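# Structural features, examined
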Amino acid sequence: MLSTIHVYKYLQRFLYGSTILFLIACNPTKKIPDGKYLVEKNSIYCDNSAIQIYELQRILKQKPNKKILGGRFHLWLFNQSNEKSSSKINKWLRKIGEEPVIYDEGEVRRTRNQMYVFLNNKGYFYPVVSDTSVFKNKKSYTSYQITTGKPYFINNIEYKFDDSLLMHHILPDTSARLIHRGQRFDLDLLQLERERLEGLIKNLGFYFFNKEFIYYEADTSIGNYKVNLTIGFTKHLQVDSANRISSENHKRYSIRNVYIYPDYISQADNLKPAYTDTLLHDDIYIISNGNNKYTPRTLTQSVYILPGHQYKSSETEHTLQKINSLRNFKTVQIVYTEVPLNDSTDCHYQLDAHISLSAYNRQSYQAQIEGTNNTGHLGIAFNTSYQHKNLFKRAQILEFKVRGAFETLRKKDDPTIYNTTAFGSELSLSIPQLLLPFSQINFVKKYNPKTNIQLAYNYQARPDYIYTMINTNFGYNWKGNTYTNFFVNPFELTFVQLPKTTDFFNNSYYQFIYYNHIVTASSMSFIYNSNNPSQNNPSMYFRIGGELAGNILRGIYNLTDKQVNTNGAYELFNLEFAQYVKSDIDVRFYRPVNRTDHIAYRIFGGWALPYGNSRAMPFEKRYFSGGANGMRAWQIRDLGPGSDTTKTTGFPIKTADIKLEANIEYRFKIINNFAAALFVDAGNIWSVKSRFDDHIFYPNRFYKEIAINYGSGLRVDFSFFIFRFDVGIKLRDPALPENQRWKLNPTKYKPDDFGYNFGIGYPF
């Protein structure tokens, strides 16, 4: 059997050999015919810094073949195929490869014309766009030179109303306008203003209004690079039965009746719903088959469309979002029907709103086998769950889960694979409102809150210890807006027992960390997340949280005659309770490089302070580093604290009270479902107090104890999960003497300088 050292050496040689082979074999002009040229590079030069070059790059009609690490891997794959052969391997190479992009003078001309149009739209009406192409070694190098000239600015803004009714609503809103006098004329900004006006008018009751009724007129005849802008609003056009076109003022609608159909059956089911019961609640009609699966309040408090109010498109969106958040309905449809004028009161135009709901099955069962990645330890798990989606007819979701898992675990420098056995069960209840003794219907409608109650049991058997944990949690969460969420857990109670530990724990500092205890904590956190996988835009994830434990119990015991134990700590149910304060922050940025490649950044900082009834933080609340999701050149829990030089001989268990970490990862697609990444990780953990001075965080020293690694990885996307393999290489090791921490000579790397990690999903 190969030793771990031999495996490291073979992997290292394979990576080096593959890279050299790729560089030698890649001849990008291999299949370029004589007289043709491979598009090698496009350069854009603009004399105006106000024009973003990346916007002009999007206009390019011909872009060079994609590069990976400086080489055109996809083009190389295509070139390996034999176009005269129809064998499967050749078809496969052409399918996953990328055909060479051949220089086309017509495409260059079209690019130049599109750049001219783009600059016109940005207010530069007389730009000069020229191009120059150079050909060398069957490759083309094209540069575009742009002189924008002077831009046109908005001199005056006027409105023109064919429909006088709109005038009374638009003119008072000019302070919210996106375009102003003195701004550069920008067609994109005008389009955004057009969309804003459409939303404004639809929210004022004009149901049939759309942006096609808004137009612009730009007058440049006044000279001096100025534009007089007119924003016009046309009347509503309609065609009668004789195909005659007529115009009329836009109609403003109010809501007459709102109907909810909780037992709706779609036409695709080829069944006709039988509605036998009508109930009026909160001025909303609930029309059902008489089964009454939901309480009236559960349905009506999710509806923002109210009878007697003006029609608003935003209320339709809010209703859809709120009902979908209940997780009880697989389809939600909202349809408006116009009320005939002779049926309306006071000759007002009215709409009826019909909300059709198709519910999931109330009860469901699920069982599955899955691969696991528990902080870098891979394994297999069996899950089974039961879910009730409408407990007590109030859309509460009750869920019971049972989980069993077997995960791998290994000692430092020991190829032997050990097993960790885990078992867990969880009972949770999600209530679509805050569980409080007073009415909150306005808060429910505005912030979509939930109350979460949870009871869980976990058992884990490792070679070095066995622990059991019983946890109960009561908390709230609600949305602030589209991107923000708030979480408040006023009560959390955890019982931790370790029925078995090795002598290493019993006869060291770790006896104050791995011990039987109780945690009574309160916590809160805030999350901002603008990440949308369906959109290729820059995004951000931000989380900040805090946790406080043991203060109330300590305060009560201080006022009583309760005696401390031999460790100087108070006990509850014959167990010491933990007392600490903890806070951490996690910031992530995601920036697209192109349609398939991204750069991801993460900064994490965490701090915890045990005090009062605790001499150290409980092990389940402490920070650690290393592994598949952290410092990837180190084994999980094998980095730090500080500049600790202790070599792990058993299972790594290094933890501490402070953690700082920063990561950057360049993610790029290779072929089909295969992608790769290049990354750099930096960070460490430290103790607030310790009997070892090199473990402690000192402001004047901690930066010297930052560990750094770099590496690369492979990702395989199976659609329902992403399998990941990363190789991390130590660049700076704080466990070494201060003048030897940098590892800048790859020829001197040792097997211990490499970290190999398997993971499920992205690390951040």
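Remember, it's a predicted structure, so these values are computed and weren't measured experimentally.

### Overview of the overall build of the chain
In terms of helices and strands, the chain carries 12 helices and 31 strands. In terms of overall dimensions, the chain has a C-alpha envelope of 95 × 80 × 60 Å along the principal axes. Looking at the chain as a whole, 45% of its 764 residues qualify as buried. Carbon and sulfur atoms form 55% of the exposed surface of the chain, whose accessible area is close to 40,400 Å². Where the 91 positive side-chain charges of the chain centre and where its 68 negative ones centre are 5 Å apart.

### A look at the pairing of strand E22 (residues 539-549)
When strand E21 (residues 517-529) meets E22, the two strands line up antiparallel, connected through 9 bridges. Opposite Phe 526, over in E22, you have Ile 544 as the bridge partner. One ladder, built from 11 bridges, connects E22 with strand E25 (residues 580-592); its direction is antiparallel. In the sheet register, Gly 546 faces E25, and the bridge partner there is Ser 583.

### Brief notes about the sheet that holds strand E3 (residues 139-147)
As summarised here, the arrangement of the 3 strands in space is E1-E3-E2, forming an open sheet in which the pairing is mixed. For this open sheet the edge positions go to strand E1 (38-46) and strand E2 (128-136), each flanked by a neighbour on one side alone. Mean inter-strand twist for the sheet, computed between neighbouring axes without regard to direction, equals 15 degrees. In this structure, E1 lies alongside E3, joined through 8 bridges in parallel fashion. Within E3, the residue paired with Leu 38 across the bridge is Lys 139.

### A closer look at the packing of aromatic side chains
Counting across every chain of the model gives 47 aromatic pairs. With a centroid separation of 5.9 Å and 55 degrees between ring planes, the pair formed by Tyr 253 and Tyr 349 is classed as tilted. You can see Tyr 253 sitting in strand E9 (residues 253-261) and its partner Tyr 349 sitting in strand E13 (residues 349-359), a full 96 residues away along the chain. Exposure remark for Tyr 253: the relative accessible area of 2% places this residue in the buried category. Its relative accessible area of 32% is what places Tyr 349 among the partly exposed residues. With a centroid separation of 4.9 Å and an interplanar angle of 40 degrees, the aromatic rings of Phe 725 and Phe 758 are classed as tilted. Of this pair, Phe 725 sits in strand E30 (residues 722-732) while Phe 758 sits in strand E31 (residues 754-760), placing them 33 residues apart in sequence. Accessibility expressed as a relative area gives 23% for Phe 725, which makes it partly exposed. An aromatic cluster of three or more residues is present, and its members are Tyr 207, Phe 208, Tyr 253, Tyr 311, Tyr 336 and Tyr 349. Against the face of Tyr 304 rests Lys 445, its NZ or CZ located 5.8 Å from the ring centre. The ring of Phe 604 is capped by Lys 659, whose NZ or CZ atom sits 5.4 Å from the centre of that ring.

### Quick notes on the sheet that holds E13
Read from one edge of the open sheet, 5 strands run E10-E11-E9-E13-E12, paired in mixed fashion. The two strands at the open ends of the sheet, each matched to only one other strand, are strand E10 (277-281) and strand E12 (329-338). Taking the axes of each pair of neighbouring strands and ignoring which way they run, one obtains an average angle of 25 degrees across the sheet. Here E10 runs beside strand E11 (residues 284-288); their pairing, made up of 5 bridges, is antiparallel. The residue bridging Leu 279 from the neighbouring strand is Ile 286, located in E11. The strands touched by helix H9 (residues 313-325) within the sheet are E12 and E13, with E12 carrying the most contacts at an inclination of about 155 degrees.

### Considering helix H5 (residues 105-121)
One full turn of an α-helix is made of 3.6 residues, so residues set three or four places apart face in the same direction. Here H5 spans 25 Å end to end across 17 residues, near enough to the 24 Å set by a 1.5 Å rise per residue. Restricting attention to buried positions, one finds in H5 the residues Gly 106, Val 108, Thr 111, Met 115, Phe 118 and Leu 119. Packing partners of the buried residues in H5 comprise E1, helix H2 (53-57), E2 and E3. Directly after H5, the chain includes Gly 123, whose backbone phi takes a positive value near 100 degrees.

### Overview of the pattern of salt bridges
This model, assessed by the stated rule, comprises 37 salt bridges. Of the charged contacts, one joins Lys 138 and Asp 34 as a salt bridge, the two residues approaching to 3.3 Å between their closest N and O atoms. With Lys 138 in the loop between E2 and E3 and Asp 34 in the loop between helix H1 (4-25) and E1, this residue pair connects regions lying 104 residues apart in the sequence. Salt-bridge contacts for Asp 726 lead to Arg 724; the nearest nitrogen and oxygen are separated by 2.8 Å. The exposure class assigned to Arg 724 is buried, which follows from its relative accessible area of 0%. One network of salt bridges, in which partners are shared, links Arg 632, Glu 665, Arg 667, Asp 681, Arg 715, Arg 724 and Asp 726.

### Some details on unusual backbone geometry
Cis rather than trans, the peptide bond between Gly 640 and Pro 641 has omega equal to -10 degrees. In the Ramachandran plot, Arg 327 falls in the positive-phi region, its phi being about 60 degrees despite a non-glycine side chain. Along the chain, Arg 327 falls in the loop between H9 and E12. Not every positive phi belongs to a glycine, and Phe 573 is a case in point at roughly 55 degrees.

### Comments concerning a nonpolar patch on the surface
On the surface, a cluster of nonpolar side chains totalling about 450 Å² of accessible area is made up of Ile 369, Ile 380, Phe 382 and Phe 406. Along the chain, the position of Phe 382 falls in strand E15 (residues 377-391).

### A few points about helix H4 (residues 88-96)
Along H4, the residues classified as buried are Asn 90, Leu 93 and Ile 96. End-on view of H4: buried residues confined to an arc of 145 degrees, all on one side of the axis. Pointing more than 90 degrees away from the buried face of H4 are the exposed residues Lys 88 and Lys 95. Of the surrounding elements, those touching the buried residues of H4 are helix H3 (73-79) and strand E27 (658-671).

### Some words on the side chain of Asn 613
Position of Asn 613 relative to the elements: it lies in the loop between strand E26 (598-610) and E27. The class for Asn 613 is buried, based on a relative accessible area of 3%. Every residue in contact with Asn 613, bar those within four places of it in the chain, is listed here: Arg 554, Ala 569, Tyr 570, Phe 577 and Gln 579.

### Concerning the environment of Trp 92
Mapped onto the elements, Trp 92 comes out in helix H4. Judged by its relative accessible area of 39%, Trp 92 falls in the partly exposed class. Here the alpha-carbon distance between Trp 92 and Phe 78, two residues 14 residues apart in the chain, equals 9.2 Å.

### A look at the side chain of Thr 298
Turning to its location among the elements, Thr 298 is positioned in helix H8 (residues 296-300). Since its relative accessible area comes to 5%, Thr 298 is described here as buried. Residues within four places of Thr 298 in sequence aside, it is in contact with Lys 393, Arg 394 and Ala 395.

### A closer look at the pairing of E2
Each regular strand carries side chains that alternate between the two faces of the sheet. Across 9 bridges, the pairing between E2 and E3 is antiparallel. Bridge pairing links Ser 130 to Gln 145 in E3. Linking E2 back to E3 in an antiparallel pair, the connection comprises 2 residues, with Asn 137 at a positive phi of about 55 degrees.

Criteria and cut-off values
- Residues numbered from 1 in each chain as written.
- Predicted model: local features only at pLDDT ≥ 70, side-chain atom pairs only at ≥ 80, totals over all residues.
- Heavy atoms only, no water.
- Helix = DSSP H or I, 4+ residues; strand = E, 2+ residues; numbered from the N terminus.
- Buried < 20%, exposed > 50% of the residue type's maximum accessible area, 1.4 Å probe, protein only.
- Areas by Shrake-Rupley, 256 points an atom, 1.4 Å probe, with all protein chains shown as cover.
- Lys, Arg positive; Asp, Glu negative; His and termini not counted.
- Charge placed at Lys NZ, Arg CZ, Asp CG, Glu CD.
- Pairing = 2+ DSSP bridges.
- Axes fitted to C-alpha atoms, helices over the stretch in contact; angles between N-to-C directions.
- Phe/Tyr/Trp six-rings, centres within 6.5 Å; stacked < 30°, edge-to-face > 60°.
- Lys NZ or Arg CZ within 6 Å of the ring centre and 35° of its normal.
- Contact = heavy atoms within 4.5 Å.
- Expected span 1.5 Å × (residues − 1).
- Salt bridge = Lys/Arg side-chain N within 4 Å of Asp/Glu carboxyl O.
- Patch = residues over 30% accessible without salt bridge, like charges linked within 9 Å, V, L, I, M, F, W, Y side chains within 5 Å.
- Arc of directions from axis to C-beta.

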